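# Summary of structural features
So the chains spell out like this:
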Amino acid sequence: MKTTRVFSQSFRWVACLTAGLVMLTVVLALAQSENPTTSRNTRWDYSALAKVPAKARARRNPLEGDPDAVAAGRKLFADHCSQCHGKDAGGERRGPNLRVMAAHETTPGALFCVLTNGVIRRGMPGWSKLPEPERWQLVSFLESLRDDQHRSSANDPVQIPLK
């Protein structure tokens, strides 16, 4: 009887120790995944922009030059995109910098296509459920970043008021 009791207590001790180690491992893994300095995306891949079909790339923004579209796109960006791409579109852990030349040298049609279809293998959802005019408003906002970048010097960061 004593042997069974000792075995039972030892088993409980080992089970508690194992459960504690498992919990510690999970906590450390979660802390590691939320640490921005350990991002696995130190270099972003903009190849999705280059893979847009020519027909889609050739599409023109029907809201081009409309300041109301830029303002609406800014709000949409704050609501839907800034969590991954950052409040100033400068990139975050989960989304690339939208202020780089690769994003600025592409056409409005290519931006629209990537917004619509997403880049699923990179974690960007497709926004095809947003009405088409709203997607064009987002494109207008992204194009305004390009215009802001051209107006400022290379050393001046562009400030984007989102709200």
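Values in this document were obtained by computation on a predicted structure and should not be read as measured data.

Looking only at helices and strands, one finds seven helices and zero strands in the chain. When the helices and strands of the chain are read in sequence order from the N terminus, they spell out α-α-α-α-α-α-α. If you take every contact in the chain between residues at least 6 apart in sequence, the share linking residues at least 24 apart comes to 65%. Of the roughly 11300 Å² of accessible surface on the chain, 59% is carried by carbon and sulfur atoms.

With that out of the way, let us pick up the packing of aromatic side chains. Applying the stated criterion across every chain yields a total of two aromatic pairs. Measuring from centroid to centroid gives 5.2 Å for Phe77 and Phe141, while their planes differ by 45 degrees, and the two rings are tilted. With Phe77 in helix H4 (residues 67–85) and Phe141 in helix H7 (residues 132–151), this residue pair connects regions lying 64 residues apart in the sequence. As far as burial versus exposure is concerned, Phe77 and Phe141 are alike and both buried. An angle of 10 degrees between the planes, with centres 4.1 Å apart, marks the rings of Phe112 and Trp136 as stacked. Taken together, the residues span a long stretch of sequence, with Phe112 in helix H6 (residues 108–117) and Trp136 in helix H7 at a distance of 24 residues. For Trp136, a relative accessible area of 2% translates into the label buried.

Under the counting rule described, the total for this entry stands at three salt bridges. One salt bridge in this structure joins Glu64 and Arg60, with 3.3 Å as the shortest N-O distance.

What follows concerns H4. The end-to-end C-alpha separation of H4 is 22 Å, well short of the 27 Å expected for 19 residues at 1.5 Å each. Along H4, the helix axis deviates most sharply at Asp79, where the bend reaches about 55 degrees. Buried within H4 are the following residues: Ala69, Val70, Gly73, Leu76, Phe77, Ala78, Cys81, Ser82 and His85. For H4, the capping residue at the N-terminal end is Asp66, with a side-chain oxygen 2.9 Å from the backbone nitrogen of Asp68. Positioned one or two residues after H4, Gly86 has a phi angle of 90 degrees, which is positive.

Within the largest apolar cluster, 23 residues are counted, with the highest numbers of intra-cluster contacts made by Val52, Phe77, Val114, Leu138, Val139 and Leu142. Every element with two or more residues in this core is listed here: H4, H6 and H7. Once you skip the residues sitting within four places of it in the chain, Val52 turns out to touch Arg57, Ala110, Cys113 and Val114.

In this section: the confidence of the model for the chain. Put simply, the chain has an average pLDDT of 79, and 77% of its residues get 70 or more. The low-confidence segment residues 34–42 (pLDDT under 50) makes seven contacts with residues lying over four places distant or belonging to another chain.

Criteria and thresholds
Residues numbered from 1 in each chain as written. Predicted model: local features only at pLDDT ≥ 70, side-chain atom pairs only at ≥ 80, totals over all residues. Heavy atoms only, no water. Helix = DSSP H or I, 4+ residues; strand = E, 2+ residues; numbered from the N terminus. Contact = heavy atoms within 4.5 Å. Areas by Shrake-Rupley, 256 points an atom, 1.4 Å probe, with all protein chains shown as cover. Phe/Tyr/Trp six-rings, centres within 6.5 Å; stacked < 30°, edge-to-face > 60°. Buried < 20%, exposed > 50% of the residue type's maximum accessible area, 1.4 Å probe, protein only. Salt bridge = Lys/Arg side-chain N within 4 Å of Asp/Glu carboxyl O. Expected span 1.5 Å × (residues − 1). Bend = angle between axes of the 7 residues up to and from the residue. Polar contact = N/O pair within 3.5 Å; in protein donor to acceptor, adjacent residues only side chain to side chain. Core = buried A, V, L, I, M, F, W, Y, C linked by side-chain atoms within 4.5 Å. pLDDT = per-residue confidence, 0-100.

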